[in-house]
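Overview (structure and organization)
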Amino acid sequence: MKQTILLFIVFISINTANARFSDNHAFYLTGEFNIGNYVGIDFNLNYVYQELYALKIGYSGNVRTPKYRPVDYHPGLLSFGPLDYLSNYQITVGKLYKFNDKGTIRANISVGLGYTTITEPTNWQGAYSGWFSSNYTSDYYEYNTVSLIINPKIEFPTFTTFGPTITGMIQINKDRVFYGLGIGFMLGVLRKEELKPWEVKK
């Protein structure tokens, strides 16, 4: 399911990359690497109306070292050990604020909801330890919740079809708060093309 959604997002974005920005509509893909109390990635399909209002649908996946694990735990040489996982399907709405007339620097402030899956190792039990094996085994416990998503972002659509981003992310739910900063890219139809002198109507 996750792979299908990501492939759909990539397909739509690539097909819009060479399209001309209409007067009112734009579609583009964003992808970011973020780091905070978790580390992960974020992929989204974005729709912008009149370079003012934004709708975003996407997925984020994050991991961290387990918050609760035995103090004497070691993973062994061939393992990173169990991790805490935080994944999120999200939809947000927002507004764009241009910092210059061309729109090559803009803020995209969005808020919305996410369906969040939290997976954590539990039931730690001591095990035989060697150079290549962990000294503990564990099981995974998975549960779902709903998160409030706050996603301020600075976008740099220097080109009409590609540009970098700097983003902040906060996900708040009854079990957990995720916060992080990220850098990434935009690919698609980002802003209106500038008219050439001979294209301007007299």
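The structure displayed is predicted, hence computed values, not measured ones.

1. Describing the overall build of the chain
When its secondary structure is counted, the chain shows one helix and eight strands. The buried share of the chain, reckoned over its 202 residues, is 41%. Look at the contacts in the chain between residues 6 or more apart in sequence, and 61% of them connect residues 24 or more apart. Surface exposure of the chain reaches about 11700 Å², of which carbon and sulfur atoms provide 66%.

2. Comments concerning the nonpolar core
The nonpolar side chains of soluble globular proteins are, as a tendency, buried together. Counting eight residues, the largest nonpolar core consists of Ala26, Tyr28, Val48, Ala54, Leu96, Met186, Val189 and Leu190. In terms of nonpolar packing, the next biggest core, distinct from the first, is built from seven residues, Tyr38, Ile118, Met169 and Phe178 among them.

3. Quick word on the sheet that holds strand β2 (residues 39-49)
Taken together, the eight strands give a closed barrel; going around it, the order is β1-β2-β3-β4-β5-β6-β7-β8, and neighbouring strands pair in antiparallel fashion. Strand-to-strand, the axes of this sheet are offset by a mean angle of 25 degrees, without reference to chain direction. Judged from the eleven bridges that link them, strand β7 (residues 162-172) and strand β8 (residues 177-188) form a sheet pairing that is antiparallel. Across the sheet, Phe162 pairs through a bridge with Leu187, a residue of β8.

4. Observations concerning the packing of aromatic side chains
All told, the structure shown has six aromatic pairs when counted by the stated rule. Taken together, a centroid distance of 5.1 Å and an interplanar angle of 50 degrees make the contact between Tyr59 and Tyr89 tilted. Of this pair, Tyr59 sits in strand β3 (residues 53-64) while Tyr89 is found in strand β4 (residues 84-98), placing the two residues 30 residues apart along the sequence. Among the residues examined, Tyr59 registers a relative accessible area of 11% and is labelled buried. Residue Tyr89 is classed as partly exposed on the basis of its relative accessible area, which comes to 24%. On the basis of an interplanar angle of 70 degrees and a centroid distance of 5.5 Å, the ring pair of Tyr73 and Trp124 is categorised as edge-to-face. Residue Tyr73 is located in the loop between β3 and β4, and its partner Trp124 is located in strand β5 (residues 106-126); the two are separated by 51 residues in the primary sequence. Accessibility expressed as a relative area gives 9% for Tyr73, which makes it buried.

5. Here we look at the side chain of Thr119
Positionally, Thr119 belongs in strand β5. Residue Thr119 is classed as buried on the basis of its relative accessible area, which comes to 11%. Reaching out from Thr119, the side chain makes a polar contact with the side chain of Glu142 at a distance of 3.3 Å. The residues contacting Thr119, other than those within four sequence positions of it, are Leu83, Asp84, Tyr85, Tyr140, Tyr141 and Glu142.

6. Thoughts on a nonpolar patch on the surface
A cluster of nonpolar side chains, namely Val111, Leu113, Val146, Leu148, Ile170, Ile172, Val177 and Tyr179, defines an oily patch on the protein surface of about 660 Å² accessible area. Mapped by element, the contributors of at least two residues to the nonpolar patch are β5, β6 (136-155), β7 and β8. Assignment of secondary structure puts Leu148 in strand β6. With a relative accessible area of 35%, Leu148 lands in the partly exposed category.

7. What to know about the pattern of salt bridges
Summed over all chains, the structure comprises six salt bridges. Of the charged contacts in the structure, one is a salt bridge between Arg64 and Asp84, with a shortest N-O distance of 3.1 Å. Note that Arg64 is positioned in strand β3 and Asp84 in strand β4, a separation of 20 residues in sequence. Taken individually, Arg64 and Asp84 each receive the classification buried, so the pair is uniform in this respect. Arg176 is the salt-bridge partner of Glu120, the closest N and O atoms lying 2.7 Å from each other.

8. Description of the pairing of β8
By the bridge criterion, nine bridges tie strand β1 (residues 25-36) to β8 in an arrangement that is antiparallel. Within β8, the residue paired with Phe33 across the bridge is Ile183. As consecutive antiparallel partners, β7 and β8 are separated by four residues.

Reading the values: rules and limits
- Residues numbered from 1 in each chain as written.
- Predicted model: local features only at pLDDT ≥ 70, side-chain atom pairs only at ≥ 80, totals over all residues.
- Heavy atoms only, no water.
- Helix = DSSP H or I, 4+ residues; strand = E, 2+ residues; numbered from the N terminus.
- Buried < 20%, exposed > 50% of the residue type's maximum accessible area, 1.4 Å probe, protein only.
- Contact = heavy atoms within 4.5 Å.
- Areas by Shrake-Rupley, 256 points an atom, 1.4 Å probe, with all protein chains shown as cover.
- Core = buried A, V, L, I, M, F, W, Y, C linked by side-chain atoms within 4.5 Å.
- Pairing = 2+ DSSP bridges.
- Axes fitted to C-alpha atoms, helices over the stretch in contact; angles between N-to-C directions.
- Phe/Tyr/Trp six-rings, centres within 6.5 Å; stacked < 30°, edge-to-face > 60°.
- Polar contact = N/O pair within 3.5 Å; in protein donor to acceptor, adjacent residues only side chain to side chain.
- Patch = residues over 30% accessible without salt bridge, like charges linked within 9 Å, V, L, I, M, F, W, Y side chains within 5 Å.
- Salt bridge = Lys/Arg side-chain N within 4 Å of Asp/Glu carboxyl O.

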